[in-house]
Amino acid sequence: MHKAIIIDDERLARNELKKLLSDFPDIEVVGEAANAAEGIEKIESLSPDLIFLDIQMPGKTGFDMLMELERAPHVIFTTAYDEFALKAFEVNALDYLMKPVEPKRLADAINKLQQAEEKELAAAMVGINRGMLGENDQVFVKDGERCWFVKLGEVRLFESVGNYAKVYFGSNKPLILKSLNALEDKLDERIFFRANRKHIINMRMIEKVEPYFNGGLLLDLKAGEKIEVSRRQAVKFKEMMSL
Amino acid sequence: MLNNISRYWWCQIIGWSINIAVSIFFVTTFGEPDNHFFLSLLLTCLLGVLITHIMRLNIHGLKVLNKPIKKQLIYLVGLTIIFSIFFGVITEAIDYLIGYNPDKLQKYTKMQRLFFSSFNSMWLLLVWNMLYYIYHYVERNRTQELDTLRLEAMVKSLELKTIKSHINPHFIFNALNSIRALVDENPQRARTAITELSNILRSSLQAEKMETVPLRQELDIVQDYLALEHMRFEERLTIEMSIDEDTLNQPIPPMMLQTLVENAIKHGISKNINGGTIKIISDFKEDHHELTVQNSGTLNGYIVHSKDGFGIKSTQERLNLLYQGKANFQIRDITGGMVESKIIMPVSNIL
């Protein structure tokens, strides 16, 4: 059973989707929201597995709302017709439904979700979720017209840029509005390591470790970035590695 | 008969005739013409027509006129030199055959005379070529200019058409979605909604064919449109109308009020969590007909920045085209947190 929330500013649109979803016994609609602020509130209190999200809403758009979330649930976008949003979807193959929603497309989207979840379930058995952000949690990032859901496990490096953090994954490095300290508090410390004042690295992305000046270390990441580990953190790093 | 002679052949005939006239003028003014001079001149000119015609066939065959200007110049010089040698040699041969042998040339050798003859022909051909190329260059520029003008006119008329018939697809699909939800909830309302949507689609198709429609007809569409938007936004949308009955027969450009109302919904209602009010006013002020749409919200300079600036500019352009500067359109913030867009048109006496 999956808990779902519908976020759309039109009551009739929410009703219509609820009605369509009544044919899927696996999905239980546990809440509704009419704008981004209500949406965030409902997501935090109900922690759904899935949200259906309209893009054009008064106040903040659906994209804006996702960027404010610490951890993005599975999202299926719904939109009537919006050239800009469609472009973003096509670039990144996010799942979306066009209103009025075709029942078959809805079934496909839900199917895809279940497959993704099975994979995650297998992976999640390895670790225990203690409210920290682990490898399988995804965040939503947007860089101009492009946007992505990024699994934290795919992120190599977080780099501090003022109040923002630059997220390195694949060949992309968009900015998110989060400080490195806030990220450090939330990220699973067994995977994400604070190498120095400016960088948090993914331990699974380390290719080579070399000694460096002053008792520090130099880490080579898989994509070629070289990150220095301060002396204090190097002690911690060696401790963790020796376990 | 004369009409069938192309411009090219006219130029050939006139050009070479001038050449003959000038030659005769100089020879008779500054001395006596030699034996066979006139025959030689006539044959030379006929040969000139033949040689230049062959040269023209070459220019066409090599597609010289389609090449960039620098290459054209190189071809011009090259062809001139090659053909002037032919021209010179054949002229000498003809002179020899008809026995034209002017006294002043008798002291030169055959080779020298061939060279002089070719050199003289070169000037003739150079002038001929220059005229030919310049004519085509000017002609081409002129047709290009015409093409550009034609294209601009076409773009303009297409633009006007698309502006007229423009109904936001976002609106259509949202309306259809709401209607589907209403089929169970309120079947009667769903039926009316389908009628309203059909009316809007039909009138947007017909708008292309008409320059103006009576306000009454446009208001019907706007009311259908607002009814559908009210179905979507429910209590978030408040609608107020203040229409002077005498203005109902006034002609207005089709879909113009509709566009303004659509913009008002988009910027004033759909962006605001608590929605807002749309007010439509039609009235006579002094000797003008004023059509006003007000909506909650502020402009925030969005005209300058967003793509909607196009809608405003095109509204102004349509009014200019229809009323030749006698109509006016403005959009501005007014008191009470409202934005007002207003069309001021001359009053028409059509009943």
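Fair warning: this is a prediction, and the values are worked out from it, not measured in the lab.

**A closer look at the overall build of chain B**
Tallying secondary structure elements over chain B gives ten helices and seven strands in all. In chain B, which comprises 351 residues, the proportion classed as buried is 26%. Of the contacts formed within chain B by residues at least 6 apart in sequence, a portion of 75% connects residues at least 24 apart.

**Describing the sheet that holds strand β7 (residues 338–346) of chain B**
Residue and element names in this part refer to chain B. Taken together, five strands build an open sheet; the order of strands is β2-β4-β5-β7-β6 and the sheet is mixed. Two strands close off the open sheet at either side, each with one partner strand: β2 (237–243) and β6 (328–334). Pairwise comparison of adjacent strand axes, ignoring direction, gives a mean angle of 15 degrees for this sheet. Where β2 meets strand β4 (residues 276–285), seven bridges bridge the pair, whose relative direction is parallel. Bridging across to β4, T238 finds its partner in T277. Relative to the sheet, helix α7 (residues 215–233) contacts β2 and β4, its axis offset from that of β2 by approximately 165 degrees. Along the sheet face, helix α8 (residues 256–269) touches β2, β4, β5 (288–296) and β7 and points at about 20 degrees away from the line of β5.

**Regarding the interface of chain B and chain A**
Opposite the 18 residues of chain B that make contact, chain A presents 15 residues. In terms of residues, the side of chain B that touches chain A owes the most to one element, helix α5 (residues 169–185) of chain B, which gives twelve residues. Looking at the side of chain B that touches chain A residue by residue, the classes come out as six nonpolar, six polar and six charged.

**A word on the confidence of the model for chain B**
Across chain B, the average pLDDT comes to 85, with 92% of residues at 70 or higher. Taken together, the chains of this predicted complex give a pTM of 0.65 and an interface ipTM of 0.75.

**Digging into unusual backbone geometry**
With an omega of -5 degrees, the peptide bond between A:K99 and A:P100 qualifies as cis. Here A:P100 shows up in the loop between β5 (96–98) and α5 (103–124). Unusually for a residue other than glycine, A:S47 sits at a positive phi of about 30 degrees. Tracing the backbone shows A:S47 in the loop between α2 (36–46) and β3 (50–54). A positive phi angle, near 45 degrees, is found at B:Q324, a position not held by glycine. Tracing the sequence through the fold places B:Q324 in the loop between α10 (309–323) and β6.

Thresholds, definitions, all that
Residues numbered from 1 in each chain as written. Chains lettered and ligands numbered in written order. Predicted model: local features only at pLDDT ≥ 70, side-chain atom pairs only at ≥ 80, totals over all residues. Helix = DSSP H or I, 4+ residues; strand = E, 2+ residues; numbered from the N terminus. Buried ≥ 20, exposed ≤ 12 C-beta atoms within 10 Å, placed from the backbone. Contact = placed C-beta atoms within 7 Å. Pairing = 2+ DSSP bridges. Axes fitted to C-alpha atoms, helices over the stretch in contact; angles between N-to-C directions. Nonpolar A, V, L, I, M, F, W, Y, C, P; charged D, E, K, R; others polar. pLDDT = per-residue confidence, 0-100.

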